[in-house]
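Residue-level listing of the chains:
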Amino acid sequence: MSNVKLPVFAGLVGDFGSKNFNWDKIRQVANPEIVVAFTLFAILTFIAVFGQFIQTHDPMQGDLLKRFTPPGSEGYFLGSDHLGRDLWSRMVDGLQWSMACAMTANLLNLFIGSTLGLLAAEKPGMLRIIINQLVYTLQSFPGLVILICVVVVVGQGFTTLVMTLGLLSWVVYMRVVYAEASSLFQREYVQAARLAGVSRWSIMFGHVLPGVRASLFVIFAFHFAGLLIAESALSFLGLGAPLGVPTWGNMLAESRQYMIRAPWMLIVPAGAIVTAVVTMNLVGDGIASLSRKKGRSIDV
Amino acid sequence: MSSASEVNNNKIDKSLNKANLIGPFIPFIQQLTRLLVLLFMVTTLLFFMLRLAGDPALVLAGNDASPEQLAAIRAQYGLDKPLLIQYFNYMLNLLQGDFGRSLASGEPAMGKVLTMLPATLLIAGLAMLISILIAIPLGAWLGFKPERPDRRAVSGIIFVFQGVPGFVTALIFIQVFAVNLRLLPSLGMEWGTIEYINLFSNLSIPIPIPSKTWILPSCSLAWFLMPSLTRVVAANTSEAMREDYIRTARAGGASGKSVLWRHALPNALLGAAALIGTQFAFLMGGAVITETIFAWPGIGWLLIESTQTLDFPVVQALAFCIAILVFIVNAITELSFQFLDPRLRSKGN
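1. Details of the overall build of chain A
Next up, step 1: Within chain A, the regular secondary structure consists of 13 helices and zero strands.
Next up, step 2: Ordered by position in the sequence, the α and β elements of chain A form the string α-α-α-α-α-α-α-α-α-α-α-α-α.
Next up, step 3: For chain A, with 300 residues in total, the buried portion stands at 53%.
Next up, step 4: At a minimum sequence separation of 6, the contacts of chain A that also span at least 24 residues come to 70%.
Next up, step 5: Surface accessibility of chain A: about 13400 Å² in total, with carbon and sulfur atoms responsible for 67%.

2. Some details on the overall build of chain B
Next up, step 1: Each helix and strand in chain B was counted, giving 15 helices and two strands.
Next up, step 2: Out of the 349 residues in chain B, the part that is buried amounts to 42%.
Next up, step 3: Within chain B, contacts between residues at least 6 apart in sequence are counted, and of these 69% link residues at least 24 apart.
Next up, step 4: For chain B, the exposed area adds up to about 18800 Å²; of that, 66% sits on carbon and sulfur atoms.

3. Section: the packing of aromatic side chains
Next up, step 1: What the rule picks out here adds up to 18 aromatic pairs over all chains.
Next up, step 2: Measuring from ring centre to ring centre gives 5.6 Å for Tyr87(B) and Phe88(B), while their planes differ by 55 degrees; the resulting arrangement is tilted.
Next up, step 3: Through pairs of rings, three or more aromatic residues link up here, namely Phe47(B), Phe48(B), Tyr87(B), Phe88(B) and Tyr90(B).
Next up, step 4: The cationic tip of Arg200(A) hangs over the ring face of Trp201(A); the distance from NZ or CZ to the ring centre is 5.6 Å.
Next up, step 5: Directly above the aromatic system of Tyr136(A) lies the positively charged group of Arg34(B), at a separation of 4.7 Å from the ring centroid.

4. Some points on the confidence of the model for chain B
Next up, step 1: The predicted model of chain B has a mean per-residue pLDDT of 80, with 84% of residues at 70 or higher.
Next up, step 2: Interface scoring of the predicted complex returns ipTM 0.79; its pTM is 0.82.

5. So, the interface of chain B and chain A
Next up, step 1: In this assembly, 47 residues from chain B lie in contact with 39 residues from chain A.
Next up, step 2: Buried area between chain B and chain A, both sides added, is near 3800 Å², and the carbon and sulfur share of it is 78%.
Next up, step 3: Together, Arg34(B), Phe159(B) and Leu171(B) form the three largest contributors to the area buried by chain B at its contact with chain A, with a combined 16%.
Next up, step 4: The interface formed by chain B and chain A contains zero salt bridges.
Next up, step 5: The set of elements that each furnish at least two residues to the side of chain B that touches chain A consists of helix H2 (26-53), helix H7 (149-162), helix H8 (166-180), helix H9 (215-241), helix H11 (256-284), helix H12 (288-293), helix H13 (299-308) and helix H14 (312-340) of chain B.
Next up, step 6: Counting residues per element, the side of chain B that touches chain A draws most heavily on H2(B), which supplies eleven residues.

6. Notes on the pattern of salt bridges
Next up, step 1: Tallying each qualifying case throughout the model produces eight salt bridges over all chains.
Next up, step 2: Between Asp150(B) and Arg151(B) there is a salt bridge, and its shortest N-O distance comes to 3.8 Å.
Next up, step 3: You can call Asp150(B) partly exposed: its relative accessible area is 33%.
Next up, step 4: In the salt-bridge network here, residues are joined through shared partners; they are Asp81(A), Arg85(A), Arg90(A) and Glu254(A).

7. Brief notes about unusual backbone geometry
Residues and elements named next belong to chain B.
Next up, step 1: Of note, Ala-295 is a non-glycine position whose phi angle comes to about 50 degrees, a positive value.
Next up, step 2: Note that Ala-295 resides in the loop between H12 and H13.
Next up, step 3: Residue classification places Ala-295 among the partly exposed positions, given a relative accessible area of 33%.

8. With respect to the state of the cysteines
Next up, step 1: Within the structure shown, the criterion is met by zero disulfides over all chains.
Next up, step 2: Here Cys149(A) is not disulfide-linked; the sulfur of Cys321(B) is the nearest cysteine sulfur, at 13 Å.
Next up, step 3: The class for Cys149(A) is buried, based on a relative accessible area of 8%.

9. Digging into H13(B)
Residue and element names in this part refer to chain B.
Next up, step 1: Among the ten residues in H13, seven count as buried, and that is most of the element.
Next up, step 2: Within the span of H13, buried status applies to Ile-299, Gly-300, Leu-302, Leu-303, Ile-304, Ser-306 and Thr-307.
Next up, step 3: Leu-310 lies just past H13 and shows a positive phi near 55 degrees.

10. Side note on the domain arrangement of chain B
All names here are of chain B.
Next up, step 1: Examined at the domain level, chain B breaks down into domain 1 (39-98) and domain 2 (109-348).
Next up, step 2: Between domain 1 and domain 2, a total of about 1100 Å² is buried, with carbon and sulfur atoms accounting for 81% of that surface.
Next up, step 3: Across the contact surface, domain 1 and domain 2 share zero salt bridges.
Next up, step 4: Here domain 1 and domain 2 share one residue pair in polar contact (both at pLDDT 80 or more) between them.
Next up, step 5: Mapped onto the side of domain 1 that touches domain 2, the elements with two or more residues apiece are H2, helix H3 (56-61) and helix H5 (83-95).
Next up, step 6: Broken down by element, the side of domain 1 that touches domain 2 gets its largest block of residues, eight residues, from H2.
Next up, step 7: Looking at the side of domain 1 that touches domain 2 residue by residue, the class counts come to ten nonpolar, two polar and one charged.

11. Things to note about the confidence of the model for chain A
All names here are of chain A.
Next up, step 1: Averaged over all residues, the pLDDT of chain A is 83; the fraction at 70 or higher stands at 87%.
Next up, step 2: For chain A, helix H1 (residues 6-14) is the element with the lowest average pLDDT, namely 45, and helix H5 (residues 87-122) is the one with the highest, namely 93.
Next up, step 3: Residue range residues 1-12 is modelled with pLDDT below 50. Its contacts to residues more than four positions away, or to other chains, number 27 contacts.
Next up, step 4: Throughout residues 293-300 the model reports pLDDT below 50, and contacts reaching past four residues in sequence, or to other chains, amount to 20 contacts.

12. Here we look at a nonpolar patch on the surface
Next up, step 1: Taken together, the side chains of Phe46(A), Val49(A), Phe50(A) and Phe53(A) define a hydrophobic patch exposed on the protein surface, amounting to about 450 Å² of accessible area.
Next up, step 2: By secondary structure assignment, the location of Phe50(A) is in the loop between helix H3 (32-49) and helix H4 (51-54).

The rules we used
Residues numbered from 1 in each chain as written. Chains lettered and ligands numbered in written order. Predicted model: local features only at pLDDT ≥ 70, side-chain atom pairs only at ≥ 80, totals over all residues. Heavy atoms only, no water. Helix = DSSP H or I, 4+ residues; strand = E, 2+ residues; numbered from the N terminus. Buried < 20%, exposed > 50% of the residue type's maximum accessible area, 1.4 Å probe, protein only. Contact = heavy atoms within 4.5 Å. Areas by Shrake-Rupley, 256 points an atom, 1.4 Å probe, with all protein chains shown as cover. Phe/Tyr/Trp six-rings, centres within 6.5 Å; stacked < 30°, edge-to-face > 60°. Lys NZ or Arg CZ within 6 Å of the ring centre and 35° of its normal. pLDDT = per-residue confidence, 0-100. Buried area = accessible area lost by both parts, 1.4 Å probe. Salt bridge = Lys/Arg side-chain N within 4 Å of Asp/Glu carboxyl O. Disulfide = S-S within 2.5 Å. Domains from an automatic or database assignment. Polar contact = N/O pair within 3.5 Å; in protein donor to acceptor, adjacent residues only side chain to side chain. Nonpolar A, V, L, I, M, F, W, Y, C, P; charged D, E, K, R; others polar. Patch = residues over 30% accessible without salt bridge, like charges linked within 9 Å, V, L, I, M, F, W, Y side chains within 5 Å.

Below, the structure is given as structure tokens:
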């Protein structure tokens, strides 16, 4: 990804707010895949933002007389669970929790990862060695193993979960920023800026980071999917969200005892996770194919 | 990238390395140093982190223990000393290969981890094997003519599969094959033993008994690994099919199939080998959730159990073991590239 085709993509994103936003350019690059990706993403975002208005029941309030209602009957359009709570409303709550969690953690990752990547790429020295050793340490364990060890210590809850995910899974950003920025720091325009007396931080964030922007967008989408999975996996193990909070991981964990009686308790949250993850993967693929030549979206 | 002076420098470096006996081992020594620093960092961090998590004496004694009992347990395990002293004691023991004893069962911690290890290796190997057996032919088929509608449909399906997390796959497999169809068992694993008796010793070597319980865990793990591998093989194959040497072979009269199997696929597999290495390294941490769901007695399952009971000697031993395993797998992957990729072989490093 070193020579990412910036113009098309940078034009798209850069002009987004301004008046000369060019719809023709969009029509040229938008293939059906991208349209589907961004439509799905828009729907998910809509549900996440306006969730309270489209819930049909209170997600926490159960009706014990209506336990295990199959989908589509008695007003529960995705069925009800073992306490008679509406699965659709709980799924919407789960979406909000997951999106908020993944988004915040992702932004944290983006910030930490790109800062460390830039610092390590800037010049050889002690800082580079330390940062690389840190990355090496984090990489020597499967992500979930580290997360489990830390979450056990810091406890459950939204803030701790976001902080754990945010502080520990930035390696992917750092590696890409490091790889691409290393060559950018050697370019003439950076040298010129240095000679002109531009400050160190302003070179890093103002001159070098924009050159990595296209890759960062792609990683942001794929990493978002990864964080969604990590979050629901931790909740499923009973380590992430506190018990009782309607998240997809918790809903899956609850469904395990009622597999014979109410398979929809498994299918609803599983479908939600898969939809969200596939959407984010599609978005990542779409951005990647916007930022490079068309028709090569298979190899991300 | 390769200006004249750089080439010269490389030559000088190489001649220096040849003169020096340690030369060829420098990368290896560097790697080993990194591993040692890593192990030190991890044990140190984990030590302080797990002590912050809670009082192990409380876990050992239970919540309704009297203060005297707690004090006795603290004295017995050396938990009454200052934290730094405990840390130094722990590191000293570690240097002698003593990881301490499990707080839950009193067994040696490393021994406990090592007895769990074969199950993890078994499931990882099986899953990897199934995944490779499916992914390579499928990827070659997809990458041969990626623009055909049937291949586009299949790669679309594989794209969706890629978005299914491993634990969701596992749950759905249980739902379908164990609950609905009642075909396969969903839990557990059995060990048998081979008695090895001679004049001097009486060993019983544990071996896994092949059974139906292997099918669901290994298949659901393979299901999770397969899509990304297939996509990589497909992408690399289709890329290789556009290369000049393929056109040459085609022009020379080679049939489409022989071009695929003899020329394009071997190149595609190089890229896949890197991913296989990464995936296997990932599995060394134990497919934590898959093992938990299927009650598979591997190190992933042990990790969950020991973290939840704050059994920190076991967690420490686990982290140590996983780090070394990941290191070994990565080293093997890198070495195997030397054999697989002729370009690296001819460089002679």
